[in-house]
Structures are given as structure tokens and as C-alpha cells.
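# Descriptive structure summary
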Amino acid sequence: MGLTASVLAIDAGNSKTDVAVVAGDGEVLGTARGGGFRPPVVGVGAAVDALGEVVAEAFARAGVTAADHVSACLANADLPVEEEQLAAALRARGWGTTVEVRNDTFAILRAGVSAPRGVAVVCGAGINCVGMRPDGRTARFPALGRISGDWGGGWGLADEALWWAARAEDGRGGPTELARTLPAHFGLDSMYALIEALHLEHIEHARRHELTPVLFATAGHGDPVARAIVDRLAEEVVVMATVALTRLDLLDEETPVLLGGSILAARHPQLDDRVRELLTVRAPKAVPQVVTARPVLGAALLGLDHERAEGRAHARVRGHFER
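Residues numbered from 1 in each chain as written. Predicted model: local features only at pLDDT ≥ 70, side-chain atom pairs only at ≥ 80, totals over all residues. Heavy atoms only, no water.

### Looking at the overall build of the protein chain
Inclusion rule: Per the convention used, a helix needs a DSSP run of H or I reaching at least four residues, while a strand needs a run of E reaching at least two, with both numbered from the N terminus. Taken over C-alpha atoms, the radius of gyration is set against a globule rule of 2.2 Å times the number of residues to the power 0.38. Only protein chains enter the area calculation, which uses a 1.4 Å probe; residues under 20% of their type maximum are buried, those over 50% are exposed, and those in between are partly exposed.
The helix and strand inventory of the protein chain stands at 13 helices and ten strands. Relative to the globule expectation of 20 Å for 323 residues, the C-alpha radius of gyration of the protein chain, 21 Å, shows essentially globular dimensions. On the principal axes, the C-alpha backbone points of the protein chain span a range of 75 × 45 × 35 Å. Put simply, the protein chain has 323 residues, and 50% of those count as buried.

### Considering the nonpolar core
Soluble, globular proteins show a tendency: their nonpolar side chains are buried together. Our working rule: Put simply, buried Ala, Val, Leu, Ile, Met, Phe, Trp, Tyr and Cys residues joined by side-chain atoms within 4.5 Å make one nonpolar core. Contacts are assigned to residue pairs with any non-hydrogen atoms lying within 4.5 Å of each other.
Of all hydrophobic cores here, the largest spans 54 residues; its most connected members are Leu178, Leu182, Leu233 and Leu271. In terms of residues, this core owes the most to one element, helix 9 (residues 224-247), which gives twelve residues. With residues near it in sequence (within four places) discarded, Leu178 still touches Ala161, Ala165, Pro183, Met191, Leu215, Thr218, Asp223, Val225, Ala226 and Ile229. Within the second largest apolar cluster, 31 residues are counted, among which are Leu8, Ile10, Val21 and Leu74.

### Overview of the pattern of salt bridges
Inclusion rule: The term salt bridge refers to a pairing of a side-chain nitrogen on Lys or Arg with a carboxyl oxygen on Asp or Glu at a separation within 4 Å.
Throughout the structure, instances matching the rule amount to 23 salt bridges. Ionic pairing is found between Arg276 and Asp272, a salt bridge with its closest N-O pair at 3.0 Å. Taken as a pair, Arg276 and Asp272 lie in helix 11 (residues 269-282) at a separation of four residues, close to a single helical turn. Classification of Arg276 as partly exposed rests on a relative accessible area of 23%. The exposure class assigned to Asp272 is buried, which follows from its relative accessible area of 10%. Across the salt bridge formed by Glu277 and Arg274, the nearest N and O atoms sit 3.2 Å from each other. Linking Glu277 with Arg274, this pair stays in helix 11, spanning three residues, or about one helical turn. On the basis of relative accessible area, Arg274 is assigned to the partly exposed category, the value being 31%. One salt-bridge network, in which partners are shared between bridges, spans Lys16, Asp18, Arg33 and Arg294.

### A closer look at helix 11
Test applied: Here, expected helix span is obtained from the residue count minus one, scaled by 1.5 Å.
For helix 11, spanning 14 residues, the distance from its first C-alpha to its last is 20 Å, which sits close to the expected 20 Å at 1.5 Å a residue. Here helix 11 has its buried residues at Gln270, Leu271, Asp272, Val275, Leu278 and Leu279. On the buried face of helix 11, the contacting elements are helix 8 (211-220), helix 9, strand 9 (255-260), helix 10 (262-265) and strand 10 (286-290).

### A look at the environment of Arg232
Considering the arrangement of structural elements, one finds Arg232 in helix 9. In this structure Arg232 comes out as partly exposed when scored by relative accessible area, which is 37%. Residues Arg232 and Asp273, 41 residues apart in the sequence, show an inter-C-alpha distance of 13 Å. If near-sequence neighbours (up to four positions away) are discounted, Arg232 is found in contact with Trp151 and Glu160.

### Here we look at the sheet that holds strand 2 (residues 16-22)
Strands belonging to one sheet form pairs held by backbone hydrogen bonds; the direction of such a pair is parallel or antiparallel. Cut-off, in case you're wondering: Here the rule is simple: two strands pair whenever DSSP picks up at least two bridges between them. Angles shown run from 0 to 180 degrees and are taken between the N-to-C directions of axes, each axis being a line fitted to C-alpha atoms and, for helices, limited to the stretch in contact.
Within the open sheet, the five strands sit side by side as 3-2-1-4-5. Their pairing is mixed. Edge positions in the open sheet fall to strand 3 (28-35) and strand 5 (96-103), since each of these has one partner strand only. Mean inter-strand twist for the sheet, computed between neighbouring axes without regard to direction, equals 15°. Sheet topology note: the strand 4 (residues 67-74)/strand 5 ladder contains seven bridges and is parallel.

### A short note on unusual backbone geometry
For Asn76, which is not a glycine, the phi torsion comes out positive at approximately 70°. Within the secondary structure, Asn76 sits in the loop between strand 4 and helix 3 (80-91). Unlike most non-glycine residues, Arg267 shows phi in positive territory, near 55°. Take Arg267: it is sitting in the loop between helix 10 and helix 11.

### As for the sheet that holds strand 10
The strand order across the open sheet formed by five strands is 8-7-6-9-10, and the pairing between neighbours is mixed. The open sheet has two free edges, formed respectively by strand 8 (138-140) and strand 10, since each of these has just one partner strand. Between one strand axis and the next, the sheet turns through 15° on average, direction left out of account. Pairing of strand 9 with strand 10 involves five bridges; the strand directions are parallel. Of the residues in strand 10, the one forming a bridge with Leu258 is Gln289. In the packing of helix 11 onto the sheet, contacts are made with strand 9 and strand 10, and the angle to strand 10 comes to roughly 165°.

### Quick look at the packing of helix 5 (residues 153-170) against helix 8
Under the convention used in this document: Handedness of a crossing follows from how the near helix is turned relative to the far one, being left-handed for an anticlockwise turn of less than a right angle and right-handed for a clockwise one. Side-chain classes follow a simple rule in which Ala, Val, Leu, Ile, Met, Phe, Trp, Tyr, Cys and Pro form the nonpolar group, Asp, Glu, Lys and Arg form the charged group, and the remainder, Gly included, forms the polar group.
Contact geometry of helix 5 with helix 8 gives a least axis separation of 8 Å together with a crossing angle of 60°. You can see that helix 5 and helix 8 cross each other, and the crossing is left-handed. Contacts between helix 5 and helix 8 involve Gly154, Leu157, Ala158, Ala161 and Leu162 from the first element and Leu211, Thr212, Leu215 and Phe216 from the second. Residue classes in the contact of helix 5 with helix 8 are distributed as seven nonpolar, two polar and no charged.

Here you go:
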């Protein structure tokens, strides 16, 4: 008898994709990794084509051609209509009998909890928050940037730091070391020089994200403006978590609050301490913890939840990815 795959787990982010093929008992039969998943840039068809190459590699390593269920946690699945569109595209590929698409933040949440119950705030290039309960209720935000009320994330922090530094340079704002540390990162001697280099694209737009670690380093050296930006990020993280807990009627119950993404996982002392301080006041029963597990684990666990697998199957797949 050949191997039977219960779950095809997909965690597809903007920069990389992880795929795992999992049996009903939790054994990981095969895995594969590929590039980013960016339908807004290349279109849904091309994005799913690229995803298909990674899935085919994982299936080949597992010795199967399909699974009972596809559990896909995908970047850029920010709205229910986008989840439905992507689910239809995946269903058309015939990778599994059933397909469920969620935003990739759900993978980080599920990877960090022993049961599908809790809230996760993810801060990497952007910022997002989701929550879930075992009864299927969820809380989420559109997470589309300023048009959906968001503030923060690596790109937002870099822009904020540039704004304050530019105003310090020309006198519209108060002094801040950011006016020195930001241009110095690129070997420049002034904010005027940095502004010109960014505007004329002598420095590629994509390199702006390099300024976020500079912001945190400057805050770490005591600069009041940089520290205020970091404190504002902590405020945003806690506001999102508290709203999600309230929507799910979990504010008064001991509940995990997972902190993930490159910025929160870095555990910058000021940010980490301030988030925990604010949670203690606004959500005293929240149990904050940083998630470092690979998100594909969460996609696999969500798939096993869907298939009503036994607890030992969950433990086995977790053991594979956490060893």
C-alpha cells in the first residue's frame, strides 16, 4: 500500500514559500521550499504556477500526487474575497479534495499554540493581527496599510524615521540623532544627501527597509525621537491584540498572545518590554510569547484540525518542525 497524504500544508509569504506533505498520523512525508508568493505583482495565475512547482517537488519527495486537504496560508490573502479567489485557483489544480485558504498570519498563530485558540500580532515588512477560537470564530483586520488604519511594520517605521530626520535637518522638527544615523548607514553625510539619493533612486527603494534596524539602534542609544517611534509601535501592537481579544470574548480569559514577524521576533528590549507592560494594563490575562516556529507548522496543524486528526498527530508534526 502506498503512502496516503492527509494534508498539503502551504505557507507562502512575500519572500519565500514552504510546503509540507503530512500523513494522517502526523508524519511529514516530504517538504520543499521556493520563492515568494506575490499575486498583486505577477497575477494570480503566475503566482499559483510558481507555487505549483514547489508543491510538485514536495509531492515527489513524499511519493504522492495529491492530499485529502489543502491547508494554504498565503500572503496577500487579506480580504475574504481574495481568499475565495485564491482557493478557487488552488482547487482548480487538483492538489486536494478540499481546500482552505487563510491569510498567512493564521499560520504563525497556529504554530505558536497547542489548540486553535489565541491571538497573534505579526510585525515584519507590515503589521497584522488575527485571532481564533476552537469554535471557528476568528478576528482579523484588512491590513492594507494606511487606508485600513494601520501604522507600523518595517516599511512604515523606516518612513517614519525618515520623516522625523528630514524635519530635524531643516528645522521644522526637533533634533534627533536619526538625522545623522540614517544617512550614515548609506555612507552619506546629511539627510539632504539621503533625500536626494532616495528621490533620484540612486539608492533603490527596496533598500529603505535597511533603515528599520538603524532606528532601533538609535533608540537603544537613548534618542528621544527614535524611542518615541518604538513606543508608538508597541502601542499599535497592543491595540490590535486587545481589539482582537475583545472581539473573540477572550479579554477576560487567560489567552496566548503570540508575537511574530522579524521585528517582534528580534526582541528589541525597549519594544518587547513596552508591549508586555501595556498588555499587563489593558489585557491582564493575556500571556505574551514570541513565536519562532516555522509558519508551515501552523498550516499543517490547521490542516490536521480540519481533518479532525488525533492529538498525537499534532504532536508528531510539531516534533518534526521543532526538533
